[in-house]
Amino acid sequence: MVPLSHKPLVIAFVSNSCWSVYNFRSEVIRNFLQHGYEVYVIAGKDDFAVRLIDMGFKVHTISFNNRDMSLVANIKLFWQLRAVYKKIRPSLIFHYGIKPNIFGTLAAGSLGLPSIAVITGLGYTFSRKGILRSIVSALYRFSLKRASEIWFLNEEDAAFFKAYKLAPANRIFVLQSEGVNLEKFVPASPTAMKNRKPFVFLMLTRMLWSKGVGVFAEAAALLKKKGYHFECRVMGFFEPLHPDTISLQDFQRWKSNHTFSYDGFAEDVLPHLQNADCFVLPTFYKEGVPRSLLEACAVELPVITTNHTGCRDVIQHGINGLLCRVNDAGDLADKMEQMILFSPEDRAAIGFAARITTAKKFSIQFVIQQYDNAVAKFTGVKPSITFPEAIV
């Protein structure tokens with residue numbers, strides 16, 4: 001713990017939503033609390049703000065509108081963030097998401113505060129050329145010069161930013177992923193898995209076309225025409241204001257055709273992963289490293305995903321999962337058929353190899369260590385708690 005004679009370090013996490021901090025970074029920020037640091041979450045208000053407060057974090061809610069690219073709105077955001085930073089004077093700030101990475105970094109830089117921009121994936125903005133991509137690229141190029149470091153979740157995204165000179169190359173660091181908790185995400189018991197029928201394919205995702213939901217629906221329909229008996233389940237939340245959102249009408253059509261069931265949004269996905277036979281993520285979204293993919297691997301669930309950025313960082317075809325072609329329902333259907341035809345022993349071997357990969361490369365303990373290293377680097381304060389090696 002920090003000695004009582006010293007003022008505790010103040011660490012700030014800035015994101016579009018409290019949900020994203022709670023869902024993706026709980027272990028990291030809880031680790032900082034254990035070190036005796038004062039942790040602020042500065043994010044858009046949602047139902048998870050109260051949970052973060054209950055966990056011991058100080059929450060400043062601020063208005064984020066990802067779809068509003070007007071000059072007035074963005075200048076207002078800059079000054080809102082700057083006012084909060086000036087008041088709490090963080091020792092180090094971590095930014096997540098396009099607007100926090102741009103305007104939060106500028107606000108921190110204007111006050112001489114160290115900050116790290118975490119690029120968790122290139123996302124929809126960089127999926128196609130156009131005016132929005134050009135504007136965001138120019139803003140990144142201008143703002144990231146003020147960042148102390150720029151973190152990425154995969155080498156391809158880092159290489160993209162270097163190639164287009166969107167960030168200073170000497171400040172780029174690849175985190176590999178946001179990690180997964182191997183003590184929480186554990187395989188189902190052999191008893192629970194025995195003689196489970198029918199075969200269940202599970203997809204956990206945001207309801208966007210680029211996440212491959214439509215491809216999954218088409219592949220399922222193709223496979224059912226061959227006479228196989230299986231279930232497809234989709235879980236996740238809708239984003240009605242997103243330009244790539246899937247309409248409720250499309251979902252109703254798929255449900256009425258018995259293509260798959262939609263089970264809504266679940267806070268705790270572990271029991272759903274443990275009650276499936278195969279995890280499917282046919283994404284062509286500009287991923288960082290999908291957390292859902294790591295969670296599936298951690299519970300030894302065989303995986304089918306695309307040969308795409310962020311996904312091929314995790315899955316080696318034929319060793320710890322299967323890779324299908326991007327946006328190709330026919331190829332996905334073939335891989336799903338292959339997974340059904342594997343013996344239970346073969347699927348178990350694939351799942352076990354997936355957990356080994358996750359333990360060696362993507363454990364949350366590795367991520368926590370990198371955050372601790374960053375704090376030590378930019379504040380000179382080393383943590384007083386060490387964590388054990390990642391478990392298998």
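This is a predicted model, so every value here is computed, not measured. (Residues numbered from 1 in each chain as written. Predicted model: local features only at pLDDT ≥ 70, side-chain atom pairs only at ≥ 80, totals over all residues. Heavy atoms only, no water.)

K.L.:
What am I meant to see in the pattern of salt bridges here?
P.N.:
Close approach of charged atoms lets side chains of opposite charge pair. In the structure shown here, the tally under the stated rule is 14 salt bridges. For Glu149, the salt bridge is made with Lys377, and the minimal N-O distance between the two is 2.5 Å. Note that Glu149 is positioned in strand E6 (residues 149-152) and Lys377 in helix H14 (residues 364-379), a separation of 228 residues in sequence. According to the relative accessible area criterion, Lys377 is exposed, its value standing at 56%. Here Glu287 and Lys211 are joined by a salt bridge, their closest N and O atoms 2.9 Å apart. Here Lys211 lies in the loop between strand E8 (199-204) and helix H8 (213-224) and Glu287 lies in the loop between strand E11 (278-281) and helix H11 (291-298), a separation of 76 residues in the sequence. (Salt bridge = Lys/Arg side-chain N within 4 Å of Asp/Glu carboxyl O. Helix = DSSP H or I, 4+ residues; strand = E, 2+ residues; numbered from the N terminus. Buried < 20%, exposed > 50% of the residue type's maximum accessible area, 1.4 Å probe, protein only.)

K.L.:
Could you clarify how one ought to interpret the nonpolar core in this entry?
P.N.:
Side chains that are nonpolar tend, in soluble globular proteins, to be buried together. Counting 92 residues, the largest nonpolar core has Phe13, Phe32, Phe94, Phe201, Leu273, Met336 and Tyr371 as the members making the most contacts within it. In terms of residues, this core owes the most to one element, H8, which gives seven residues. Setting aside residues up to four positions removed in sequence, Phe32 forms contacts with Ile11, Phe13, Tyr37, Val39, Phe94, Tyr371, Asp372 and Val375. Residues Val14, Tyr40, Phe78 and Leu111 belong to the second largest nonpolar core, which totals 38 residues. (Core = buried A, V, L, I, M, F, W, Y, C linked by side-chain atoms within 4.5 Å. Contact = heavy atoms within 4.5 Å.)

K.L.:
What is the right way to look at a nonpolar patch on the surface in this model?
P.N.:
There is a patch of nonpolar side chains on the surface, built from Met69, Ile131, Leu132 and Ile135 and spanning about 360 Å² of accessible area. Among the residues examined, Ile131 registers a relative accessible area of 67% and is labelled exposed. (Patch = residues over 30% accessible without salt bridge, like charges linked within 9 Å, V, L, I, M, F, W, Y side chains within 5 Å. Areas by Shrake-Rupley, 256 points an atom, 1.4 Å probe, with all protein chains shown as cover.)

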